[in-house]
Amino acid sequence: MDAATSGFALLAYALLEQLGIARDDIEIVTLGSTPRRAVALAAGDCDITILNAGNELVAHSRGCVFLASSTDVGPYIGTVLARVEPSARAEDETRPQVDAVERDEAVVALRTVLLETTERIVSGDVTDLVVDSASEVLGLTDEEARRHAEILRDDNHGLIRGGTIDSGSMETIISLRERYAPSMVTSTLRAGWTELLASPPDHPPTT
């Protein structure tokens, strides 16, 4: 795992249960980022892990096997881009302060670039570029890199068009956290998500 209560860890617990392996029957080892876990799996330093972003293909090329998919649990979002509004308590005087307007403009610009890039990848307009990048960054063969490009375009495992989180995927994330890592934060997340769904588009919740 990257961490015992991370989103990937909770997904792993659910997938293991479907394979007949209880959480109490395994030893959880913190191994860090996804690329590091791919290396650890191939080296035999762990038995099972969750991989994505092409790292699953890297591990497979080194003799590892696929046991399950996130879709076996339900619709699932494997990664997101989010920002947290700074609070007065969290301000770090040692870091250069960024004007709020500049920060908002930078976030909008980044979001625009990511959405445009996603659309071009999913539509197949830049497949050759994706294949070249996957080969260079991940060290995949041409066949493996093209498989990675196919996964990025897949409705269930690929990139999200439009940048909108679907309610089914969010429900899976909340349910996994309620099941394997319940807390006040989880309760707040459930309440906030329910409020968001119930709010008219022009009157979003204030909390």
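A. A look at the environment of Cys-64. In this structure, Cys-64 sits in the loop between helix 3 (55-61) and helix 4 (100-122). Expressed as a C-alpha distance, the spacing of Cys-64 and Ala-38, which sit 26 residues apart in the sequence, is 9.3 Å.

B. A look at helix 5 (residues 127-138). Here helix 5 spans 16 Å end to end across twelve residues, near enough to the 16 Å set by a 1.5 Å rise per residue. Among all positions in helix 5, only Val-130, Val-131 and Ala-134 are buried. One side of helix 5 holds all its buried residues, which, seen down the axis, span an arc of 100 degrees. Looking at helix 5, the residues exposed on the side facing more than 90 degrees away from the buried face are Asp-128, Leu-129, Asp-132, Glu-136 and Val-137. For helix 5, the secondary structure elements touched by its buried residues are helix 4 and helix 6 (142-153). Once helix 5 ends, the next one or two residues include Gly-139, with phi positive near 75 degrees.

C. Summary view of the packing of helix 1 (residues 7-18) against helix 7 (residues 167-180). Two numbers describe how helix 1 lies on helix 7: the axes approach to 9 Å, and their chain directions differ by 80 degrees. Overall, the two elements helix 1 and helix 7 adopt an arrangement that is roughly perpendicular. Across from Gly-7, Leu-10, Leu-11, Tyr-13, Ala-14 and Glu-17 in helix 1, the residues of helix 7 making contact are Leu-176, Arg-177, Arg-179 and Tyr-180. Split by residue class, the contact of helix 1 with helix 7 holds six nonpolar, one polar and three charged.

Criteria and cut-off values
- Residues numbered from 1 in each chain as written.
- Predicted model: local features only at pLDDT ≥ 70, side-chain atom pairs only at ≥ 80, totals over all residues.
- Heavy atoms only, no water.
- Helix = DSSP H or I, 4+ residues; strand = E, 2+ residues; numbered from the N terminus.
- Expected span 1.5 Å × (residues − 1).
- Buried < 20%, exposed > 50% of the residue type's maximum accessible area, 1.4 Å probe, protein only.
- Arc of directions from axis to C-beta.
- Contact = heavy atoms within 4.5 Å.
- Axes fitted to C-alpha atoms, helices over the stretch in contact; angles between N-to-C directions.
- Parallel < 35°, antiparallel > 145°, perpendicular 65-115°, else oblique.
- Nonpolar A, V, L, I, M, F, W, Y, C, P; charged D, E, K, R; others polar.

None of the figures reported here should be taken as evidence of function without further support.
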